[in-house]
Amino acid sequence: MDINKSLLNFVTNGVVTCKQLDDFYDAYHEDKEFQGSIDLLSSIAIDMRQLKEELYASEDAKILGAKEYMQKYYPSAILLIELIPKDKRKFIH
């Protein structure tokens, strides 16, 4: 799948998981069109509810918070989120 098809899937859903962000960053961060995708990703909400459910079902639930869990399992998602201006980041909790 190319970068435009991936972005279209994100826009259609309106919500993206940390896993999807992680996979997107890993696949496309070197693509010449990647930087332009950041503006589009700014309009999409990140599903933190899904991340928390995943965390609570894991063996890490007693030792990690949501942010630490994301850093451990989805480091590329963190890199991508940091590229989105803070005032444009949207999260569903």
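Structural notes on the overall build of the chain
Then comes step 1: In terms of helices and strands, the chain carries six helices and three strands.
Then comes step 2: The globule rule puts the C-alpha radius of gyration for 93 residues at 12 Å, and the 13 Å found for the chain is close to it.
Then comes step 3: Once the C-alpha set of the chain is aligned to its principal axes, its extents read approximately 40 × 25 × 25 Å.
Then comes step 4: Counting across all 93 residues of the chain, residues that qualify as buried make up 38%.
Then comes step 5: For the chain, long-range pairs separated by at least 24 residues make up 66% of all intrachain contacts whose partners lie at least 6 apart in sequence.

Regarding the sheet that holds strand 3 (residues 90-92)
Then comes step 1: Taken in spatial order, the three strands of this open sheet run 1-2-3, and their pairing is parallel. A single partner strand is all that each edge strand has here, and the edge strands are strand 1 (15-16) and strand 3.
Then comes step 2: As paired elements, strand 1 and strand 2 (residues 45-47) share two bridges and run parallel to each other. Bridge pairing links valine 16 to isoleucine 46 in strand 2.

Details of the environment of leucine 79
Then comes step 1: Residue position: leucine 79 is located in helix 6 (residues 75-83).
Then comes step 2: Exposure remark for leucine 79: the relative accessible area of 40% places this residue in the partly exposed category.
Then comes step 3: As for leucine 79 and serine 42, which are separated by 37 residues in sequence, their C-alpha atoms are 14 Å apart.

What counts and what doesn't
Residues numbered from 1 in each chain as written. Predicted model: local features only at pLDDT ≥ 70, side-chain atom pairs only at ≥ 80, totals over all residues. Heavy atoms only, no water. Helix = DSSP H or I, 4+ residues; strand = E, 2+ residues; numbered from the N terminus. Rg over C-alpha atoms; globule rule 2.2 N^0.38 Å. Buried < 20%, exposed > 50% of the residue type's maximum accessible area, 1.4 Å probe, protein only. Contact = heavy atoms within 4.5 Å. Pairing = 2+ DSSP bridges.

The values reported here are purely geometric and, on their own, carry no functional implication.
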